[in-house]
Structure formats: C-alpha cells, structure tokens
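These are the residues of each chain, in order.
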Amino acid sequence: ARTVPTCEVPVLFDGLTAPSLLSQLVSCVSGYAVYRQATFLAERLGDTVASSLVTAIDDGRRPGGLGTRPFDGEGLPTRRNTILNAGRLETFLLDSYSGRKLGKPSTGNASRGAGSAPGVGATNLWIEPGEKTLDALIAETDKGLLVTELIGMGFNPVTGDYSRGAAGLWIENGEIAYPVEEITIAGNFADMWLNIDAVGSELVWLSRVASPPLRIAQMTVAGSG
C-alpha cells in the first residue's frame with residue numbers, strides 16, 4: 001500500500017463504509033439533537049439537504065429486517081419514515097419526549113435498554129439503490145479514491161466538519177491502480193450529501209443499516225504532502 005499526495009478528487013464509499021455516513025446523518029435528525037440545536041440540520045426540515053439521487057428510509061415493519069419490531073421502546077407502533085425523499089428532508093426521528101419538545105408526534109423510533117430511559121434510534125435504515133454497479137462507478141471515475149476502511153470518529157454534527165482516517169484503493173483512468181493507506185479524507189458533511197453524484201445498485205444487509213456504494217464528487221484526500 002502507498003500514500004498519495006494531498007489532492008481533491010471524487011471519493012467512493014463501498015457497501016461496507018457507506019452505511020457509516022448514513023448512521024451519522026441519522027444522528028443529526030434525532031429529535032434530541034434537533035431540540036438541543038446540536039445538529040446542523042435543526043432548522044432544515046423541508047429543505048433540500050442532499051443530492052436528488054438520495055432517498056433514505058427507516059422502516060420498523062420491513063419484512064425480515066434485523067430491526068423489525070411491531071412497537072418501539074414506548075409501546076407505540078413502528079412505521080415507515082422517509083427521512084430523505086430525493087434529497088429533501090421530510091422528517092426527524094422522534095420519540096414521545098423529543099416530539100413534545102418540537103410540537104410533533106412520535107415517529108415510532110423510541111429505543112431503550114433494559115435499565116435506561118427511552119431515546120431515539122433507527123430501526124431498519126437504508127438508502128434506496130441506484131442502477132449502476134460499483135464496478136461501473138469505478139469505470140466512470142477518471143481519478144479518485146475508493147474507501148474500504150474508515151478510522152476514527154472525526155465528525156462534528158453541529159458544524160458538519162468531517163475528517164477521518166481512511167484506507168482504500170486508488171483509481172486511475174477508471175481502473176483500480178493500487179492500495180492506499182495512511183490518508184485522511186475531509187470535507188463538510190452538508191456539502192458531502194449535496195455532492196453525491198452517483199448511487200450504486202448493490203444493497204447488502206449486514207446489520208440494521210445498509211447503503212449501496214456512494215460517490216461524492218469531490219473531497220480532500222490528505223496524504224504525503
């Protein structure tokens with residue numbers, strides 16, 4: 001594996017790393033983060049906050065889902081919530097308490113442990129897949145990075161600042177050229193979602209959160225200089 005010079009290039013996230021972006025986005029639409037003004041999305045309900053290619057859904061009734069359940073941590077029925085509809089933020093995820101704080105009903109997303117008070121949690125969460133395979137997205141990318149591993153937790157939900165260590169595969173002329181390591185990818189989380197220019201077709205469920213491959217048109221890749 002090599003390092004690469006610092007540059008701004010398209011960055012692809014495969015089906016194993018893309019779900020982390022979705023999980024971080026959902027933490028920003030939690031009712032608790034919203035009423036505390038601890039998220040950059042607090043005042044954006046109804047606005048376009050992502051690419052029109054992105055539709056994100058949380059569905060507690062999805063057949064066979066690992067997060068499927070008839071009722072949430074407060075005994076209220078679970079349901080299907082479309083969080084992003086073609087990039088438009090349509091709902092926050094709420095339990096009864098955060099809903100009352102915001103003047104809205106619960107979305108059936110109360111989550112609790114055996115000895116804890118309810119909080120907000122996703123059920124079965126995914127991004128609707130597109131039409132092209134990851135291989136096709138790579139072939140369309142003249143030069144860029146395919147991220148296969150993320151390191152650290154460098155994300156600020158209030159400002160949207162995003163910076164994480166990464167490893168992956170370097171793309172040249174639409175082909176995998178060589179593995180890379182000891183790099184950092186950085187950008188603004190709000191801009192990252194708006195700059196998604198491709199959504200892959202492969203949606204593989206390995207947990208309660210799934211995402212097809214995603215390509216962000218431009219991010220900073222910090223490498224050897």
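Refer to the structure above for everything that follows.
Please read these numbers as outputs of a predicted model, since none were measured by experiment.

Novice: An account of unusual backbone geometry is requested, with residue identities and associated values reported.
Specialist: Positive phi, normally seen in glycine, also occurs at Asn 173, with a value near 55 degrees. Residue class for Asn 173 comes out exposed when judged on its relative accessible area of 62%. Its identity as a non-glycine residue notwithstanding, Glu 182 has a phi of 55 degrees, on the positive side. Examined against the element boundaries, Glu 182 turns out to sit in strand β10 (residues 175-188).

Novice: Any details on the sheet that holds strand β3 (residues 80-85)? Residues and values, ideally.
Specialist: Taken in spatial order, the five strands of this open sheet run β4-β3-β2-β7-β12, and their pairing is mixed. Here the strands that pair on one side only, and so sit at the sheet edges, are β4 (88-89) and β12 (209-210). Here two bridges tie β3 to β4, and the two strands are oriented antiparallel to one another. Its bridge partner being in β4, Leu 84 is matched across the sheet by Leu 89.

Novice: Just give me the short version of the side chain of Thr 17, but keep the residues and values in it.
Specialist: Turning to its location among the elements, Thr 17 is positioned in the loop between β1 (7-13) and α1 (18-28). At a separation of 3.3 Å, a polar atom in the side chain of Thr 17 contacts the main-chain carbonyl oxygen of Val 147. Other than its neighbours up to four places away in sequence, Thr 17 contacts Val 147, Thr 148, Glu 149 and Leu 150.

Novice: Kindly report on the packing of aromatic side chains, identifying the contributing residues and their values.
Specialist: Taken as a whole and assessed by the stated rule, the structure comprises nine aromatic pairs. For the ring pair Phe 189 and Trp 193, a centre distance of 6.1 Å and an interplane angle of 80 degrees mean the geometry is edge-to-face. With a gap of four residues between them, Phe 189 and Trp 193 both fall in helix α5 (residues 189-194), about one helical turn apart. Three or more aromatic residues link up through ring pairs in this structure, and these residues are Phe 40, Phe 155, Tyr 162, Phe 189 and Trp 193. Directly above the ring of Tyr 178 sits Arg 2, whose terminal nitrogen or CZ lies 3.8 Å from the centroid.

Definitions and cut-offs
- Residues numbered from 1 in each chain as written.
- Predicted model: local features only at pLDDT ≥ 70, side-chain atom pairs only at ≥ 80, totals over all residues.
- Heavy atoms only, no water.
- Buried < 20%, exposed > 50% of the residue type's maximum accessible area, 1.4 Å probe, protein only.
- Helix = DSSP H or I, 4+ residues; strand = E, 2+ residues; numbered from the N terminus.
- Pairing = 2+ DSSP bridges.
- Polar contact = N/O pair within 3.5 Å; in protein donor to acceptor, adjacent residues only side chain to side chain.
- Contact = heavy atoms within 4.5 Å.
- Phe/Tyr/Trp six-rings, centres within 6.5 Å; stacked < 30°, edge-to-face > 60°.
- Lys NZ or Arg CZ within 6 Å of the ring centre and 35° of its normal.

None of the figures reported here should be taken as evidence of function without further support.
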